[in-house]
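The primary structure of each chain is shown beneath.
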Amino acid sequence: MTEYISQAQIRSQAWKFYFVAVAWPIYIFLLPSLYASYRPWSIAFMIFPGVYLFTWMSCLMHECWHKYVPNINNDAFYYLLSYMLVTDPQMYKILHGHHHSQVNTYEDVEFHPLGRIKNLTLKKIHNLLEIIFGVIWTFGLHMFIVPRHPKYKAKFRESRRIVAIALWFIFYGTLGVASAKVFSLKGSQVGISLAINFWLCAFFIHQTQMIEHAGLITKGDWNQRNVTTRNLRADGIAEKLFLWLTHNDVREHTLHHTVVKIYSRPFPGKVPMPQEAVYVSMTQYLAILRQMLTKGYSPDEHV
Ligand SMILES: [Zn+2]
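Remember, it's a predicted structure, so these values are computed and weren't measured experimentally.

Chemist: Would you take a moment to explain the overall build of the protein for this structure?
Modeler: Each helix and strand counted, the protein has 13 helices and two strands in total. Since a compact globule built from 303 residues should have a radius of gyration of about 19 Å, the 19 Å found for the protein is in line with a globular shape. Burial statistics for the protein: of 303 residues in total, 34% are counted as buried. For the protein, contacts bridging at least 24 residues in sequence account for 67% of all contacts bridging at least 6.

Chemist: How should helix α8 (residues 158–183) be read in this particular structure?
Modeler: Note: α-helices contain 3.6 residues per turn, so residues at a spacing of three or four share the same orientation. Across its 26 residues, α8 extends 37 Å between first and last C-alpha, which sits within 8% of the 38 Å expected from 1.5 Å per residue. Turning to α8, its buried residues number three or more, namely Leu175, Gly176 and Ser179. Buried-residue contacts for α8 involve α2 (14–38) and α9 (187–213). Of the residues trailing α8, Ser184 is marked for its positive phi of about 50°.

Chemist: How do you make sense of unusual backbone geometry when you look at a structure like this?
Modeler: Here the residue pair Phe48 and Pro49 is connected by a cis peptide bond, since its omega of 15° sits within 30 degrees of zero. Relative to the helices and strands, Pro49 is located in helix α3 (residues 43–66). In the Ramachandran plot, Lys67 falls in the positive-phi region, its phi being about 55° despite a non-glycine side chain. Relative to the helices and strands, Lys67 resides in the loop between α3 and α4 (74–84).

Chemist: Explain the nonpolar core to me, please; I cannot follow it from the model alone.
Modeler: One recurring pattern in soluble globular proteins: nonpolar side chains tend to sit buried together. Counting residues in each nonpolar core, the largest one holds 32 residues, and the members touching the most others are Met57, Leu60, Met61, Phe77, Leu81 and Met84. Secondary-structure elements contributing two or more residues to this core are α2, α3, α4, α7 (135–145) and α9. Top element by residues in this core is α3. It accounts for nine residues. With residues up to four places along the chain from it excluded, the contact list for Met57 reads Val20, Trp24, Leu81, Met84 and Leu85. Counting 10 residues, the second-largest nonpolar core is a separate cluster that includes Met210, Leu232, Val250 and Met292.

Chemist: So what exactly am I meant to see when it comes to the environment of Arg230 here?
Modeler: Within the fold, Arg230 resides in strand β1 (residues 230–232). Measuring from C-alpha to C-alpha, the distance between Arg230 and His213 comes to 6.6 Å, with 17 residues separating the pair along the chain. Those residues in contact with Arg230, other than ones at most four positions away along the chain, are Ile211, Glu212, Leu216, Val278 and Val280.

Chemist: Got a minute to help me understand the environment of Phe204 in this structure?
Modeler: Turning to its location among the elements, Phe204 is positioned in helix α9. Judged by the 21 C-beta atoms lying within 10 Å of it, Phe204 falls in the buried class. Along the sequence, Phe204 and Ile131 sit 73 residues apart, while their C-alpha atoms lie 9.6 Å from each other. Ignoring sequence-local partners within four residues, the contact set of Phe204 consists of Val51, Thr55, Leu245 and Thr246.

Chemist: Which parts of the structure should I look at to understand helix α13 (residues 282–294)?
Modeler: Helix length check: α13, at 13 residues, gives a terminal C-alpha distance of 18 Å against a target of 18 Å (1.5 Å per residue), a fit within 8%. Every buried residue of α13 is listed here: Tyr285, Ile288 and Met292. Buried residues of α13 fall within an arc of 55° about the axis and therefore sit on the same side. Facing away from the buried surface of α13 by more than 90 degrees, the exposed residues are Thr283, Leu286, Arg290 and Thr294. In this structure, the buried residues of α13 make contact with α6 (120–133), α9 and β2 (278–280).

What counts, and at which threshold
- Residues numbered from 1 in each chain as written.
- Predicted model: local features only at pLDDT ≥ 70, side-chain atom pairs only at ≥ 80, totals over all residues.
- Helix = DSSP H or I, 4+ residues; strand = E, 2+ residues; numbered from the N terminus.
- Rg over C-alpha atoms; globule rule 2.2 N^0.38 Å.
- Buried ≥ 20, exposed ≤ 12 C-beta atoms within 10 Å, placed from the backbone.
- Contact = placed C-beta atoms within 7 Å.
- Expected span 1.5 Å × (residues − 1).
- Core = buried A, V, L, I, M, F, W, Y, C linked by C-beta atoms within 7 Å.
- Arc of directions from axis to C-beta.

Here it is in structure tokens:
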């Protein structure tokens with residue numbers, strides 16, 4: 001386990017959790033004034049540092065679920081980051097284990113909340129909404145489906161959902177009001193800037209997950225399914241920019257499934273990838289999306 005990455009290297013990751021937990025609220029406090037000053041050009045700030053910090057929080061929340069970094073309070077950061085990501089922490093707790101065991105099948109409810117959609121028109125509409133709204137769409141479906149799902153409903157607690165929703169409003173409400181008061185802004189400037197930024201973040205974070213798993217349905221055992229997970233080639237300008245913006249999550253994602261106990265994401269190139277690992281370019285990924293929109297099914301769907 002430690003032959004590729006040392007314990008010292010893993011422990012050296014701890015500062016990132018503290019850094020994003022402080023940087024994100026500061027950014028949210030400043031964002032409405034950036035939007036008021038720069039209007040359409042504020043989209044540049046929404047991408048950096050906005051999307052950059054949001055995708056970072058999402059990666060680190062995921063690392064807390066796996067308890068990869070031993071020298072932080074994983075539970076505390078898991079909840080804090082989940083609330084700042086505007087998610088209900090119980091959902092990921094309920095679903096992420098099966099994302100690993102059922103990866104690249106319709107049984108993976110984290111990635112395929114609706115399972116297999118047989119009607120092609122509905123499937124195309126679903127694919128379009130998933131591509132445009134990203135995790136807003138998939139998380140919205142989780143909120144609806146998990147409390148009713150035969151496998152998961154016993155684990156779901158409505159009280160936890162109410163706490164999560166209350167904390168989203170307290171966190172973003174407090175920062176929004178403070179920002180409006182300090183910078184003398186209108187409520188609409190605060191609301192619109194947060195909404196646009198949240199959509200951009202939801203869009204980008206889900207693109208990483210879609211590069212890895214979209215339209216990818218594999219027959220076979222766990223090992224066979226793991227290795228079909230896609231990775232983004234790191235050799236073009238668009239690919240390099242995307243990998244930088246999203247913290248290399250897609251660079252060697254196959255390893256996160258094949259050797260899930262090793263914390264490999266911050267250390268690309270350290271752990272050998274399986275020989276059969278699948279790499280796509282951004283152009284190849286866009287072709288997969290195009291086929292999901294025009295035909296409903298992607299070329300990687302083997303049911
Ligand atoms: Zn995982």
